[in-house]
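As a plain string of letters, each chain reads:
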Amino acid sequence: MKRDVSARVATEIIKQLPQGTPTQEAVASALNMSVRSLQRKLAEQGQTFRHLLAETRRELALEYIRHDDIPVLEIGFRLGFTELANFSRAFKQWTGQSPLHYRQQQSYRQ
């Protein structure tokens, strides 16, 4: 069964994140479609590329932060952030806490 385009885009975003922030152009090209086709297909599913990128990063960040052996700086780079400050700012928007504080609270709860 063919996966929906949102899932395919999220998978491609994950593949491209370690090289930096993926662009619509790069993801569309990897999926053998035009940017306009990608936008149209995502819109049909009530999605946008920007939202999928942010949601994919958020989900991965929450997964990675649970692993004490992965430094916060590395998590940021794995998610395509070039600066720790940018990752920290995004993480705080997602959770209301800094990555380190969130990690400490998670460790305390376990």
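Procedures and definitions
Residues numbered from 1 in each chain as written. Predicted model: local features only at pLDDT ≥ 70, side-chain atom pairs only at ≥ 80, totals over all residues. Heavy atoms only, no water. Helix = DSSP H or I, 4+ residues; strand = E, 2+ residues; numbered from the N terminus. Buried < 20%, exposed > 50% of the residue type's maximum accessible area, 1.4 Å probe, protein only. Contact = heavy atoms within 4.5 Å. Lys, Arg positive; Asp, Glu negative; His and termini not counted. Charge placed at Lys NZ, Arg CZ, Asp CG, Glu CD. Phe/Tyr/Trp six-rings, centres within 6.5 Å; stacked < 30°, edge-to-face > 60°. Lys NZ or Arg CZ within 6 Å of the ring centre and 35° of its normal. Patch = residues over 30% accessible without salt bridge, like charges linked within 9 Å, V, L, I, M, F, W, Y side chains within 5 Å. Areas by Shrake-Rupley, 256 points an atom, 1.4 Å probe, with all protein chains shown as cover. Salt bridge = Lys/Arg side-chain N within 4 Å of Asp/Glu carboxyl O. Core = buried A, V, L, I, M, F, W, Y, C linked by side-chain atoms within 4.5 Å.

A. Focus on the overall build of the protein chain. Across its full length, the protein chain carries 7 helices and 0 strands. Mapped in sequence order, the helices and strands of the protein chain form the string α-α-α-α-α-α-α. If one aligns the C-alpha atoms of the protein chain with their principal axes, the spans along those axes are about 45 × 25 × 25 Å. Considering the protein chain as a whole, with its 110 residues, one finds that 38% of them fall into the buried category. Look at the contacts in the protein chain between residues 6 or more apart in sequence, and 52% of them connect residues 24 or more apart. Put simply, the protein chain has 16 plus and 11 minus side-chain charges, and the middle of one group is 5 Å from the middle of the other.

B. The environment of Phe 49, seen in detail. With respect to the helices, strands and loops of the structure, Phe 49 is situated in helix α4 (residues 49-65). Each C-alpha atom of the pair Phe 49 and Pro 22 lies 9.9 Å from the other, and the pair is 27 residues apart in sequence. Residues in contact with Phe 49, not counting those within four places in the same chain, are Val 9, Ile 13, Pro 22, Thr 23, Gln 24, Val 27, Leu 38 and Leu 42.

C. Representation of the packing of aromatic side chains within the structure. Enumeration according to the criterion identifies 4 aromatic pairs in this entry. Judged by centre distance (5.3 Å) and plane angle (75°), the rings of Phe 91 and Tyr 102 are edge-to-face. One end of the pair, Phe 91, is in helix α6 (residues 84-95); the other, Tyr 102, is in helix α7 (residues 99-109), and 11 residues separate them in sequence. When sorted by exposure, Phe 91 lands in the same class as Tyr 102, which is buried. Chaining the aromatic ring pairs together yields one cluster made of Phe 81, Phe 87, Phe 91, Trp 94 and Tyr 102. The ring of Phe 81 carries Arg 57 above its face, with NZ or CZ at 4.0 Å from the centroid.

D. Inspection of a nonpolar patch on the surface at higher detail. Taken together, the side chains of Leu 73, Phe 77 and Leu 84 make up a nonpolar region of the molecular surface, amounting to roughly 260 Å² of accessible area. Residue placement: Phe 77 occurs in helix α5 (residues 72-78).

E. Seen up close, the nonpolar core. By size, the foremost hydrophobic cluster in this structure holds 27 residues, and its most contacted members are Val 9, Ile 13, Leu 38, Phe 49, Leu 79 and Phe 87. Ranked by the residues each element gives to this core, the list is headed by α4, at 8 residues.

F. Structural detail: the pattern of salt bridges. Throughout the structure, instances matching the rule amount to 4 salt bridges. Arg 58 is the salt-bridge partner of Glu 55, the closest N and O atoms lying 2.6 Å from each other. Of this pair, Glu 55 and Arg 58 both sit in helix α4, 3 residues apart, roughly one helical turn. Note on Arg 58: relative accessible area 25%, which makes it partly exposed.

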